[in-house]
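Chain residues, written in single-letter form:
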Amino acid sequence: MANKKTTLNDILERIVKIEIRLEEIAPIAKRKLPSKKEQIAQIEAEIKIWSQKFPTIDIEFELAKMLDWLKATNKRKKDYRAFFRNWLRKSTNTVGNEPVTPQSYTYSCASNKAGCKDEVSDFKDMSFFCKECNNIKTIIKVTRN
Ligand SMILES: [Zn+2]
């Protein structure tokens, strides 16, 4: 009996080792946001909620404006909902045609490995992920443009 138990433990140990190896080769925890199309569709589905959050703003108009701006500037975002939220906040902070003081935010990965890259954005609540370590980057610097 003791012999059989040892063998079973041996097998279990091997399985654990294989699982660790697999996790190294292809991590299950890779976080991926839905495609741009899916994210925009989600924003469109939530227009009523957005309207309640930003009652003075024409949400549909602002969404169309944002999409035009993204197209015109050829910009790609990871998190379009976060970007849209910021876009709306900027709209509420704008008095007449007076723009708010532009600022840049430098996002950095806490791991600080050689492959980690900083990212600069005009918005302060973006979700940038480090491609190297899959960490969410945090703001380390605010620059006035
Ligand atoms: Zn990193």
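Right above here is the structure, for reference.
Conventions used here
Residues numbered from 1 in each chain as written. Predicted model: local features only at pLDDT ≥ 70, side-chain atom pairs only at ≥ 80, totals over all residues. Helix = DSSP H or I, 4+ residues; strand = E, 2+ residues; numbered from the N terminus. Contact = placed C-beta atoms within 7 Å. Buried ≥ 20, exposed ≤ 12 C-beta atoms within 10 Å, placed from the backbone. Pairing = 2+ DSSP bridges. Axes fitted to C-alpha atoms, helices over the stretch in contact; angles between N-to-C directions. Core = buried A, V, L, I, M, F, W, Y, C linked by C-beta atoms within 7 Å. Domains from an automatic or database assignment. Expected span 1.5 Å × (residues − 1).

Asks: What should I look at first to understand the overall build of the protein in this one?
Replies: A count of helices and strands for the protein gives five helices and three strands. Counting from the amino terminus, the protein carries its helices and strands in the arrangement α-α-α-α-α-β-β-β. The long-range share in the protein, meaning contacts at least 24 apart out of those at least 6 apart in sequence, stands at 56%.

Asks: It is not clear to me how unusual backbone geometry should be interpreted in this structure. Could you clarify?
Replies: Trans peptide bonds make up the majority, and among non-glycine residues the majority have a negative phi. Look at Asn74: it is not a glycine, yet its phi comes out positive at around 60°. For Asn74, the position within the fold is in the loop between helix 4 (59–73) and helix 5 (80–93). By the C-beta count within 10 Å, which is 6 here, Asn74 ends up exposed. Backbone geometry places Asn134, a non-glycine residue, at a positive phi of 65°. Structurally, Asn134 is set in the loop between strand 2 (119–121) and strand 3 (138–144).

Asks: Is there a simple way to think about the sheet that holds strand 3 in this case?
Replies: In any sheet, the strands associate via hydrogen bonds between backbone groups, in a parallel or an antiparallel arrangement. In space, the three strands of this open sheet follow the order 2-1-3, with antiparallel pairing throughout. Whereas interior strands pair on both sides, the edge strands pair on one side only; in this sheet they are strand 2 and strand 3. For this sheet the average axis-to-axis angle between neighbouring strands, irrespective of direction, equals 25°. Relative to strand 2, strand 1 (residues 103–108) runs antiparallel, the two sharing three bridges. By the bridge assignment for strand 2, Tyr107 is matched with Glu119.

Asks: For this particular structure, what's the right way to read the nonpolar core?
Replies: For soluble globular proteins, the rule of thumb is that nonpolar side chains tend to be buried together. In terms of nonpolar packing, the biggest core is built from eight residues, these being Ile43, Met66, Tyr80, Phe83, Phe84, Tyr107, Met126 and Phe128. Residues lining this core come from more than one domain, with at least three contributed by each of domain 1 (32–100) and domain 2 (102–145). Once you skip the residues sitting within four places of it in the chain, Phe84 turns out to touch Ile43, Leu63 and Met66.

Asks: Whenever I open this one, the pairing of strand 1 confuses me. Can you help?
Replies: Within a regular strand, the side chains alternate between the two sheet faces. Sheet topology note: the strand 1/strand 3 ladder contains six bridges and is antiparallel. For Ser104, the partnering residue across the bridge sits in strand 3 and is Thr143.

Asks: Honestly, helix 4 in this entry has me stumped. Any pointers?
Replies: Structurally, the α-helix is built with 3.6 residues per turn, so residues lying three or four positions apart point the same way. The end-to-end C-alpha distance of helix 4 is 21 Å, a good match for the 21 Å that 15 residues give at a rise of 1.5 Å each. Backbone geometry just downstream of helix 4 places Asn74 in the positive-phi region, at approximately 60°.

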